[in-house]
Amino acid sequence: MSKYFNFFPKVLYTSDEKTSDIVNNITARFNFEESFKTNTAVSYEYDVKDSDTPEIIADKFYGDSERHWIVLLFNNIMDPQFDWPMDYKTLISFIDEKYKTNANSGQSGSNWAQSHTQSYYKIETRTVISTNSVNVNTVEVDANTYANIASSSSTVTLADGKVITIAISRDSQSYYDYEMELNESKRKIKLLKTEFVPAIEEEFRRVIG
């Protein structure tokens, strides 16, 4: 991280009327253009492992852990503490801490999160009999609507002659599963291809400097 801030411009900072110093202007900003990040020719997908950190990935793929900023900025990660996927142990500690105020005496926040519902869903599954193609539509509903959803299945013939089955079901998700799913969704990131790194570093120096 120290080398990253070395590229930032210097400014005069005054902490009081008598004390001043030359410091890095960390308010300077560099961002990748969205059209560049979505260009599949310049990047590829990568699944973050529990043992990975931005520094480890930068060292592994770019040959220098100080290039971690490329990994972070390319994926719009502003807060590595919460935007980066946590390993299992860290995630459980996070859930315990986040939900401990909801828990009963002697109950961990994690246990409370596992036994309480965060969201409810109504699920409509349509299957075309002739092709066996399936379309699933999931809609979040409130607790009262959820309680009144009855599982059902019916067969309907459409105007074009297609015969479909429509199955209605319901599902719910605990706070624990929500946090697990959210954390897993952060594992798939994009990595800038190595050949573009020198040009990006040069542009970074030009913009920041």
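Refer to the structure printed above.
**Examining the sheet that holds strand β6 (residues 152–157)**
By way of backbone hydrogen bonds, the strands of a sheet pair with one another, either parallel or antiparallel.
Phase 1: What the four strands build is an open sheet, ordered β5-β4-β7-β6; its pairing is antiparallel. A strand with exactly one partner marks an edge of an open sheet, and here the two such strands are β5 (133–141) and β6. Each adjacent strand pair in this sheet contributes to an overall mean axis angle of 25 degrees, direction not counted.
Phase 2: Pairing analysis gives 11 bridges linking strand β4 (residues 117–128) to strand β7 (residues 163–174), with the strands arranged antiparallel. Bridge pairing in β7 places T127 opposite T165.
Phase 3: Strand contacts of helix α9 (residues 175–185): β4 and β7, with the helix running at about 100 degrees to β7, the strand carrying the most contacts.

**Quick look at the nonpolar core**
Phase 1: In this structure, I57, Y62, V71, W84, I189 and L192 are the most contacted members of the largest nonpolar core, which totals 22 residues.
Phase 2: If you list the elements that add at least two residues to this core, you get α3 (54–62), α4 (68–74), β8 (188–192) and α10 (197–208).
Phase 3: Top contributing element to this core by residue count: α4, with six residues.
Phase 4: When sequence neighbours within four positions are dropped, the list of residues in contact with Y62 reads I57, R67, I70, V71, L191, L192, T194 and V197.
Phase 5: In terms of nonpolar packing, the next biggest core, distinct from the first, is built from 10 residues, I92, Y99, A113 and M180 among them.

**Focus: the side chain of N183**
Phase 1: Tracing the sequence through the fold places N183 in helix α9.
Phase 2: For N183, a relative accessible area of 4% translates into the label buried.
Phase 3: Apart from the residues lying within four places of it in its own chain, the contact partners of N183 are P85, M86 and L91.

**Quick notes on the packing of aromatic side chains**
Phase 1: For the structure on display, the rule yields 12 aromatic pairs.
Phase 2: Here a set of aromatic residues connected by ring pairs shows up, and it is made of F32, F36, F74 and F196.

**Describing the pattern of salt bridges**
Phase 1: Overall, the coordinates contain 12 salt bridges when judged by the stated rule.
Phase 2: E184 is the salt-bridge partner of R187, the closest N and O atoms lying 3.0 Å from each other.
Phase 3: Classification of E184 by relative accessible area gives partly exposed; the value is 44%.
Phase 4: Among the salt bridges present, the one from E202 reaches R205, with a minimum N-O distance of 3.9 Å.

About the cut-offs
Residues numbered from 1 in each chain as written. Predicted model: local features only at pLDDT ≥ 70, side-chain atom pairs only at ≥ 80, totals over all residues. Heavy atoms only, no water. Pairing = 2+ DSSP bridges. Helix = DSSP H or I, 4+ residues; strand = E, 2+ residues; numbered from the N terminus. Axes fitted to C-alpha atoms, helices over the stretch in contact; angles between N-to-C directions. Contact = heavy atoms within 4.5 Å. Core = buried A, V, L, I, M, F, W, Y, C linked by side-chain atoms within 4.5 Å. Buried < 20%, exposed > 50% of the residue type's maximum accessible area, 1.4 Å probe, protein only. Phe/Tyr/Trp six-rings, centres within 6.5 Å; stacked < 30°, edge-to-face > 60°. Salt bridge = Lys/Arg side-chain N within 4 Å of Asp/Glu carboxyl O.

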